[in-house]
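Chain residues, written in single-letter form:
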Amino acid sequence: RENCLVTCHVNVHPLWQSELSVSGGTRQSPINIQWRDSVYDPHLKPLKIHYDPTTCLYIWNNGYSFQVEFDDSADKSVIMGGPLENHYRLKQFHFHWGAINEWGSEHMVDSKVYPAELHLVHWNPVTSTSFEEAIMENNGLVVIGVFLKLGAHHAGLQKLVDALPAVKHKDTIVEFDVFDPSCLMPSCPDYWTYDGSLTTPPLTESVTWIIKKTPIEVDQNQLEEFRMLLFTSAGEEEKRMVDNFRPLQPLMNRTVRSSFR
Ligand SMILES: Cc1ccnc(S(N)(=O)=O)n1
Ligand SMILES: [Zn+2]
């Protein structure tokens, strides 16, 4: 009998330790996307993305991830089309990743897990007057999920990676101007979409998820730079910021639609 090594991870970050799940939640995220169960919807339009690089403000470490914030005071960086009835404003993007390349993404595709996942968070300025309000609204938010896989160096991501040492500790911030997050999008237009929730508190069921089918490639050094960040503030005992992903949630009575056959 060959001895097999069962590798698994134990998520110990306080946030996920108690595995907060909205009591009675019926549309929680993340989920495992079963390709064969997804339903092609010919009415889904191509997603249209218009980001203005000058709306980029700063990067900060919020104790769960590193986050790039945008000026959302006008319709300058917006998405529309796809499953959406109107335009949504980009508010921020952030990532989730693992301690090693074997896991890290929040969503999975046919139980395949990626080493990291990018989330671009947008809110609906037609039905809400602020991002904070949109978080509480049904379909107030749209999050685009992009999988990261180990491969070639990603030149666009490197500008972000070079800034990470400046936000090593929780609640640190660094100015980051003129960055176009479109460079983090795969060229393939295909996506899945389903109704879900935020994956970190307040876990509200206000998100239309758009998960890109094709991952982007990043190299080992870039992933290792993510893993150099800390959950902890300066002066505290250091805890590396890794495995900041929520466990899979039940699909319950939901159908995942695909934009492609
Ligand atoms: C804005 C926000 C808060 C919490 N969680 C998320 S996430 N991970 O679902 O994109 N986004
Ligand atoms: Zn996220």
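Everything below is about the structure shown above.
Notes on the structure follow. (Residues numbered from 1 in each chain as written. Chains lettered and ligands numbered in written order. Predicted model: local features only at pLDDT ≥ 70, side-chain atom pairs only at ≥ 80, totals over all residues. Heavy atoms only, no water.)

## Some words on the overall build of the chain
Here is step 1 of the chain: What the chain contains, in helices and strands, is four helices and 15 strands.
Here is step 2 of the chain: Over its C-alpha trace the chain gives a radius of gyration of 18 Å, about what one expects of a compact globule, namely 18 Å for 261 residues.
Here is step 3 of the chain: When its C-alpha atoms are laid out on the principal axes, the chain stretches across 55 × 45 × 40 Å.
Here is step 4 of the chain: Counting across all 261 residues of the chain, residues that qualify as buried make up 53%. (Helix = DSSP H or I, 4+ residues; strand = E, 2+ residues; numbered from the N terminus. Rg over C-alpha atoms; globule rule 2.2 N^0.38 Å. Buried < 20%, exposed > 50% of the residue type's maximum accessible area, 1.4 Å probe, protein only.)

## Regarding the site of ligand 1
Here is step 1 of the chain: By nearness alone, every residue bordering ligand 1 is listed as Q92, H94, H96, H119, V121, F131, V143, L198, T199, T200, P201 and W209.
Here is step 2 of the chain: Here H94 contributes a side-chain N or O atom positioned 3.3 Å from a nitrogen atom of ligand 1.
Here is step 3 of the chain: With respect to ligand 1, the side chain of H119 contributes an N or O atom lying 3.4 Å from a nitrogen atom.
Here is step 4 of the chain: If ligand 1 stood free it would expose 310 Å²; the protein chains cover 92% of that surface.
Here is step 5 of the chain: If you map ligand 1 onto the pockets, it falls in the largest pocket.
Here is step 6 of the chain: Of all elements in the fold, only β7 (88-97) and β9 (116-123) reach the threshold of two or more residues within the shell around ligand 1.
Here is step 7 of the chain: Per element, the largest residue contribution to the shell around ligand 1 is three residues, and it comes from β7. (Near = heavy atom within 4 Å. Polar contact = N/O pair within 3.5 Å; in protein donor to acceptor, adjacent residues only side chain to side chain. Areas by Shrake-Rupley, 256 points an atom, 1.4 Å probe, with all protein chains shown as cover. 1 Å grid on protein atoms, 1.4 Å probe; cavity = no way out; pocket = protein on both sides within 12 Å on 5 of 7 lines; lining within 4 Å. Sits in = over half its atoms within 2 Å of the grid points.)

## A few points about the pattern of salt bridges
Here is step 1 of the chain: In the structure shown here, the tally under the stated rule is four salt bridges.
Here is step 2 of the chain: The closest approach of N and O atoms between D41 and R257, which form a salt bridge, is 2.8 Å. Here R257 lies in strand β15 (residues 257-258) and D41 lies in the loop between β2 (39-40) and β3 (47-50), a separation of 216 residues in the sequence.
Here is step 3 of the chain: Of the charged contacts in the structure, one is a salt bridge between D75 and R89, with a shortest N-O distance of 2.4 Å. A residue pair is termed long-range when its members are at least 10 positions apart, and D75 in the loop between β5 (66-70) and β6 (78-81) and R89 in strand β7 qualify at 14 residues.
Here is step 4 of the chain: For R89, a relative accessible area of 14% translates into the label buried. (Salt bridge = Lys/Arg side-chain N within 4 Å of Asp/Glu carboxyl O.)

## Here we look at the packing of aromatic side chains
Here is step 1 of the chain: Enumeration over the complete set of coordinates arrives at 13 aromatic pairs.
Here is step 2 of the chain: Summarising the aromatic geometry, the rings of F66 and F95 are spaced 5.1 Å apart at their centres and angled 25° between planes, so their arrangement reads as stacked. With a gap of 29 residues between them, F66 in strand β5 and F95 in strand β7 connect regions that are remote in the sequence.
Here is step 3 of the chain: For F66, a relative accessible area of 1% puts it in the buried group.
Here is step 4 of the chain: Centroid distance F176 to F179: 5.4 Å. Interplanar angle 45°. Geometry classified as tilted. As far as burial versus exposure is concerned, F176 and F179 are alike and both buried.
Here is step 5 of the chain: Taken together, the ring pairs in this structure connect F66, F70, F93, F95, W97, F176, F179 and F226 into an aromatic cluster.
Here is step 6 of the chain: Positioned above the aromatic ring of F176 is the side chain of K159, whose terminal nitrogen or guanidinium carbon lies 5.2 Å from the ring centre.
Here is step 7 of the chain: One residue, K213, lies across the ring of F260, its end atom 4.7 Å from the ring centre. (Phe/Tyr/Trp six-rings, centres within 6.5 Å; stacked < 30°, edge-to-face > 60°. Lys NZ or Arg CZ within 6 Å of the ring centre and 35° of its normal.)

Interpretation in functional terms is not warranted from these geometric data alone.
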